[in-house]
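Coordinates in review
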Amino acid sequence: MEEKPTLVARLWLFLSSYVPLWIILLIQTYDGVTGFHTILFVLLILSSLVSLFRFLKVARQKLNVGEGERICDNFIVVDDYQEMNHVYLEYLVTYVVSLLSFIPSGQDVRNILTFVVFMGLVFILYLRANLIYANPVLGALGYNIFKVKNRESGQWVLLITRKDKILIADKTNPERLCVSSLSGNIYLEVED
């Protein structure tokens, strides 16, 4: 059975993925330093940034124990791979829909509730589809997503790495990637 990230970790990833959207909406709806929309989106930006930094801190703590020491939950020997960075672009489609769903026509509570319900629905759908890892902010920070076939288990897993290309192992080059599990089938490569 596939292990999923904790609800808190998934919420961190979800919130952090929307930092650019919150900034765009803050610019669109700016209504003064003490305005309702300004306060709302500044709070969303701050909580999203805290979520991103918290996730990255936990990931780094898991990956780096001490100086030069790495934690590998597992090793992956890649038999085949597919680039998955297109999911970043697919995720951005929700930005467009979010922008359209939040048309600022004042400080109407109905607009805010509609937006909150919509974002809640997006969160639930991304959780159920296990797409939380497809965080465009991580993509902007230089992380790539690959679907790789692990020779040792024969299963396809998702690998989040800073590498642009993955070497396919052969008999002369059985390169093993040092990885740490973010969830059951989602791994973050441990860098040297």
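The present account deals with the structure reproduced in this document. (Residues numbered from 1 in each chain as written. Predicted model: local features only at pLDDT ≥ 70, side-chain atom pairs only at ≥ 80, totals over all residues. Heavy atoms only, no water.)

1. As for the pattern of salt bridges
Inspection of every chain in the model, using the stated rule, returns three salt bridges. Of the charged contacts, one joins Glu152 and Arg176 as a salt bridge, the two residues approaching to 3.8 Å between their closest N and O atoms. Linking Glu152 in the loop between β2 (144-150) and β3 (156-161) with Arg176 in strand β4 (residues 176-183), this pair joins segments that are 24 residues apart in sequence. Taking relative accessible area as the criterion, Arg176 reaches 45% and is therefore assigned partly exposed. Its salt-bridge partner being Glu189, residue Lys163 comes within 3.0 Å of it at the nearest N-O pair. In this pair, Lys163 is assigned in the loop between β3 and β4 and Glu189 in strand β5 (residues 186-189), connecting sequence segments 26 residues apart. The class for Glu189 is buried, based on a relative accessible area of 8%. (Salt bridge = Lys/Arg side-chain N within 4 Å of Asp/Glu carboxyl O. Helix = DSSP H or I, 4+ residues; strand = E, 2+ residues; numbered from the N terminus. Buried < 20%, exposed > 50% of the residue type's maximum accessible area, 1.4 Å probe, protein only.)

2. Some words on the nonpolar core
Among the nonpolar cores identified, the biggest contains 35 residues, and Phe14, Tyr18, Trp22, Tyr133, Leu138 and Ile145 are the most heavily contacted of them. Those elements that provide at least two residues to this core are α1 (7-17), α2 (19-29), α3 (36-63), α4 (86-101), α5 (109-128), α6 (136-140), β3 and β5. Here this core gets seven residues from one element, more than from any other, and that element is α5. Counting residues in each nonpolar core, the second largest holds ten residues, with Ile76, Phe146, Val179 and Tyr187 among its members. (Core = buried A, V, L, I, M, F, W, Y, C linked by side-chain atoms within 4.5 Å.)

3. A closer look at the packing of α1 against α2
Contact geometry for α1 and α2: axes closest at 5 Å, N-to-C directions at 40°. On the basis of the axis angle, α1 is oblique to α2. Residues Leu15, Ser16 and Ser17 of α1 form the contact with α2, whose participating residues are Val19, Pro20 and Trp22. Grouping the amino acids of the contact of α1 with α2 by side-chain chemistry returns four nonpolar, two polar and no charged. (Axes fitted to C-alpha atoms, helices over the stretch in contact; angles between N-to-C directions. Parallel < 35°, antiparallel > 145°, perpendicular 65-115°, else oblique. Contact = heavy atoms within 4.5 Å. Nonpolar A, V, L, I, M, F, W, Y, C, P; charged D, E, K, R; others polar.)

4. What about the packing of α1 against α5?
One way to put it is that α1 packs onto α5 with a least axis distance of 11 Å and a crossing angle of 120°. As judged from the angle between their axes, α1 and α5 are oblique. You can see that α1 and α5 cross each other, and the crossing is right-handed. For the pair α1 and α5, contact is made by Leu7, Arg10, Leu11 and Phe14 and by Met119, Val122, Phe123 and Leu127, respectively. Taken together, the residues of the contact of α1 with α5 break down into seven nonpolar, no polar and one charged. (Left-handed = near helix turned anticlockwise from the far one by under 90°.)

5. Structural notes on the pairing of β5
Residues Ile186 and Leu188 point to one face of β5 and Tyr187 and Glu189 to the other, with burial holding for every one of them. As defined by bridge partners, β3 adjoins β5 across three bridges and the pair is classed as parallel. Pairing of Ile160 across the sheet is with Leu188, part of β5. (Pairing = 2+ DSSP bridges.)

6. Points about the side chain of Ser51
By the element assignment, Ser51 lies in helix α3. Look past the residues within four positions of Ser51 in its chain and what remains in contact with it is Trp12, Leu15 and Ser16.

7. Let's talk about the packing of aromatic side chains
Evaluated as defined, the whole model comprises five aromatic pairs. Consider the rings of Tyr18 and Trp22, whose centres lie 5.8 Å apart with planes at 35°: the pair is tilted. A relative accessible area of 0% places Tyr18 in the buried class. Taken together, the ring pairs in this structure connect Phe14, Tyr18, Trp22, Phe41 and Phe123 into an aromatic cluster. Across from the ring centre of Trp156, 5.8 Å away, lies the NZ or CZ of Lys147, which sits over that ring. (Phe/Tyr/Trp six-rings, centres within 6.5 Å; stacked < 30°, edge-to-face > 60°. Lys NZ or Arg CZ within 6 Å of the ring centre and 35° of its normal.)

8. Brief notes about the environment of Met84
With respect to the helices and strands, the residue Met84 is situated in the loop between β1 (74-83) and α4. Taking the C-alpha atoms as reference points, Met84 and Lys147, separated by 63 residues in sequence, lie 6.4 Å from one another. Every residue in contact with Met84, bar those within four places of it in the chain, is listed here: Ile145, Phe146, Lys147 and Leu158.

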